[in-house]
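For reference, the chains in residue letters:
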Amino acid sequence: MLIFVVLIIVSFVIYFYNKTKQFRTRTVLPIRKKWYAARASMALGSFMALFGINQLFVFQSTITYIVSAIFIVLGLALVYYNYKASRHYQAFLEEEADLNP
């Protein structure tokens, strides 16, 4: 399942990129940092979900099914919650851009 390995690596790179942008952002208001944090958590959630799906194909045991189910559920919950948070913060980015020179 090479496609899952590629998607896992891509999601980790996106996570690392957004975390780096979160720490390097210099703004007065923290909205942009929260937006980057939400996007990074979305990527981390997709990493967890894809890792769980990948493990289902690699190993076939009862323990693997249980652990993979936990990873998939937690990963999808992270993606869902942080997608909503990212959309919420997106609305305030234009306002923050007007306040910061």
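Residues numbered from 1 in each chain as written. Predicted model: local features only at pLDDT ≥ 70, side-chain atom pairs only at ≥ 80, totals over all residues. Heavy atoms only, no water.

A. Summary view of the overall build of the protein chain. Looking only at helices and strands, the protein chain has three helices and zero strands in total. Ordering the α and β elements of the protein chain from the N terminus gives α-α-α. Expected size for 101 residues packed as a compact globule is a radius of gyration near 13 Å; at 16 Å, the protein chain overshoots this value by more than 25%. With respect to the principal axes defined by its C-alpha atoms, the protein chain has extents near 55 × 20 × 15 Å. Taken over 101 residues, the protein chain has a buried fraction of 30%. (Helix = DSSP H or I, 4+ residues; strand = E, 2+ residues; numbered from the N terminus. Rg over C-alpha atoms; globule rule 2.2 N^0.38 Å. Buried < 20%, exposed > 50% of the residue type's maximum accessible area, 1.4 Å probe, protein only.)

B. Focus on the environment of Lys 84. Here Lys 84 shows up in helix α3 (residues 62-99). Residue class for Lys 84 comes out partly exposed when judged on its relative accessible area of 48%. Remark: the alpha-carbon pair of Lys 84 and Met 42, spanning 42 residues in sequence, is separated by 9.9 Å.

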